Amino acid sequence: MSSDDMKKRAAEAALEYIEDNVVLGVGTGTTVNYFIDALSRIKHRLDGVVSSSEATTQRLKAHRIPVLDLNAVGPLPLYVDGADEANRQLQLIKGGGGALTREKIVAAASDRFVCIADRSKLVDILGKFPLPVEVIPMARSHVGRELLKRGGQPVLRENCITDNGNLILDIYNLQIREPAKWEMELNNIAGIVAVGLFALRPADVLLLGTPDGVRVAHAG
Ligand code: 5RP
């Protein structure tokens with residue numbers, strides 16, 4: 001079975017978590033795209049969606065699913081998003097698609113975070129996937145030096161300007177054994193807007209698509 005088929009399985013399984021007449025938070029990426037396509041079948045049951053990126057907004061609008069401003073709707077019952085890596089505590093690396101800052105905001109504003117992924121995303125230790133950080137352009141060199149001091153190898157993502165007008169540095173060579181500590185440490189570097197570690201606010205449920213079906217993991 002292809003990884004796309006496994007992503008699709010996880011995406012379809014997330015529909016079970018949606019109650020009637022709610023506003024839903026929706027992430028970004030290829031797995032989420034399958035989720036949005038599936039969501040269009042039950043859009044009549046939704047009050048609307050808060051989107052985490054321009055790309056997701058476009059896809060939602062193409063399906064005529066109403067997109068709402070987070071400021072207008074307050075806390076959300078549910079956020080559904082993918083991940084680049086997940087550990088067994090359901091702490092994540094995200095931001096492969098460059099949408100980490102808005103994803104973090106919508107996740108923080110949601111009561112429950114259901115993460116959807118194919119089985120290749122499950123790891124013992126986070127960090128093989130280079131950790132994305134969103135950086136204010138004038139701080140690029142400063143942030144790069146601070147990351148080098150901490151043992152990371154920052155690489156500027158080519159041809160990438162985020163939806164917020166910022167840059168992405170991808171940090172290679174990290175073995176993130178204490179994700180929450182790393183998240184707090186990197187959050188404190190001036191010029192970093194958001195870190196692609198979701199450890200302080202991990203997922204609550206992980207739906208992993210596998211050839212044998214969907215494996216469900218819960219946090220804690
Ligand atoms: C985007 C993300 C995505 O959730 C992550 O990159 C996984 O993407 P995909 O579902 O395409 O594998 O964090 O910023």
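Each remark here, short or long, concerns the structure printed above.
Reading the values: the criteria
Residues numbered from 1 in each chain as written. Predicted model: local features only at pLDDT ≥ 70, side-chain atom pairs only at ≥ 80, totals over all residues. Heavy atoms only, no water. 1 Å grid on protein atoms, 1.4 Å probe; cavity = no way out; pocket = protein on both sides within 12 Å on 5 of 7 lines; lining within 4 Å. Points joined across faces, edges and corners; volume = space filled by probe spheres on them. Helix = DSSP H or I, 4+ residues; strand = E, 2+ residues; numbered from the N terminus. Nonpolar A, V, L, I, M, F, W, Y, C, P; charged D, E, K, R; others polar. Domains from an automatic or database assignment. Near = heavy atom within 4 Å. Polar contact = N/O pair within 3.5 Å; in protein donor to acceptor, adjacent residues only side chain to side chain. Areas by Shrake-Rupley, 256 points an atom, 1.4 Å probe, with all protein chains shown as cover. Sits in = over half its atoms within 2 Å of the grid points. Axes fitted to C-alpha atoms, helices over the stretch in contact; angles between N-to-C directions. Parallel < 35°, antiparallel > 145°, perpendicular 65-115°, else oblique. Left-handed = near helix turned anticlockwise from the far one by under 90°. Contact = heavy atoms within 4.5 Å. Phe/Tyr/Trp six-rings, centres within 6.5 Å; stacked < 30°, edge-to-face > 60°. Buried < 20%, exposed > 50% of the residue type's maximum accessible area, 1.4 Å probe, protein only. Lys NZ or Arg CZ within 6 Å of the ring centre and 35° of its normal. Arc of directions from axis to C-beta.

Enquirer: Would you mind going over empty space enclosed by the protein with me for this structure?
Expert: Over the atoms rolls a probe the size of a water molecule, and its path tells where empty space is left. Enumeration according to the criterion identifies one cavity of 30 Å³ or more in this entry. Considered as a void within the structure, the largest cavity measures approximately 30 Å³ in volume. Taken together, Ser 52, Gly 98, Ala 99, Leu 100, Thr 101, Arg 102, Glu 134, Thr 162, Asp 163 and Asn 164 make up the full set of residues lining the largest cavity. The biggest single contributor to the lining of the largest cavity is helix α5 (residues 100–108), with three residues. A breakdown of the residues in the lining of the largest cavity according to their chemical character gives two nonpolar, five polar and three charged. Taken together, domain 1 (3–124 + 200–218) and domain 2 (131–195) each give at least three residues to the lining of the largest cavity, which thus spans both.

Enquirer: Explain the site of the ligand to me, please; I cannot follow it from the model alone.
Expert: Neighbouring the ligand are 17 residues; Thr 30, Thr 31, Asp 84, Gly 95 and Lys 121 lie closest to it. One of the backbone N or O atoms of Gly 95 is found 2.8 Å from an oxygen atom in the ligand. Lys 121 has a polar side-chain atom sitting 2.7 Å from an oxygen atom of the ligand. Calculation on the ligand without its partners gives an accessible area of 380 Å², and the protein chains cover 92% of this total. A molecule is said to occupy a pocket when more than half its atoms come within 2 Å of that pocket's grid points, and by this definition the ligand occupies the largest pocket. Residue classes in the shell around the ligand are distributed as two nonpolar, nine polar and six charged.

Enquirer: Mind showing me how you'd approach the packing of helix α1 (residues 3–13) against helix α2 (residues 30–39) here?
Expert: The description of two helices packed together rests on the angle between their axes and the distance between the axes. Packing of α1 against α2 leaves a shortest axis separation of 8 Å and a crossing angle of 50°. In terms of axis orientation, α1 runs oblique to α2. Where α1 crosses over α2, the two elements pack in a sense that is right-handed. Note on element contacts: α2 touches α1 through Thr 30, Thr 31, Tyr 34, Phe 35 and Ala 38, opposite Asp 4, Lys 7, Lys 8, Ala 11 and Glu 12.

Enquirer: How should the packing of aromatic side chains be read in this particular structure?
Expert: The geometry of two aromatic rings is summed up by the distance between their centres and the angle between their planes. Considering all chains together, one arrives at two aromatic pairs under this definition. When the ring of Tyr 79 is compared with that of Phe 113, the centres are 5.1 Å apart and the planes differ by 55°; the resulting orientation is tilted. Of this pair, Tyr 79 sits in strand β4 (residues 76–81) while Phe 113 is found in strand β7 (residues 110–118), placing the two residues 34 residues apart along the sequence. Look at Phe 113 and you get buried, because its relative accessible area is 0%. Summarising the aromatic geometry, the rings of Phe 113 and Phe 198 are spaced 6.5 Å apart at their centres and angled 70° between planes, so their arrangement reads as edge-to-face. Of this pair, Phe 113 sits in strand β7 while Phe 198 is found in strand β12 (residues 197–198), placing the two residues 85 residues apart along the sequence. By the burial criterion, Phe 113 is buried, and Phe 198 matches it. An aromatic cluster of at least three residues, connected via ring pairs, comprises Tyr 79, Phe 113 and Phe 198. Looking at Lys 94, its charged tip hangs above the ring of Phe 198, at a distance of 5.7 Å from the centre. It is Lys 104 that lies over the ring of Phe 198; its NZ or CZ is 5.3 Å from the centre.

Enquirer: Any chance you could explain helix α3 (residues 54–62) here in plain terms?
Expert: For an α-helix the count is 3.6 residues per turn, leaving residues at separations of three or four pointing the same way. Among all positions of α3, only Thr 56, Thr 57 and Leu 60 are buried. Considered in projection along α3, the buried side chains sweep an arc of 100° and stay on one side of the axis. Facing away from the buried side of α3 by over 90 degrees, the exposed positions are Ala 55, Gln 58 and Ala 62. Residues of α3 that are buried make contact with β1 (23–26), α2, β2 (48–51) and β3 (67–68). Looking at the residues trailing α3, positive phi occurs at Arg 64, about 55°.

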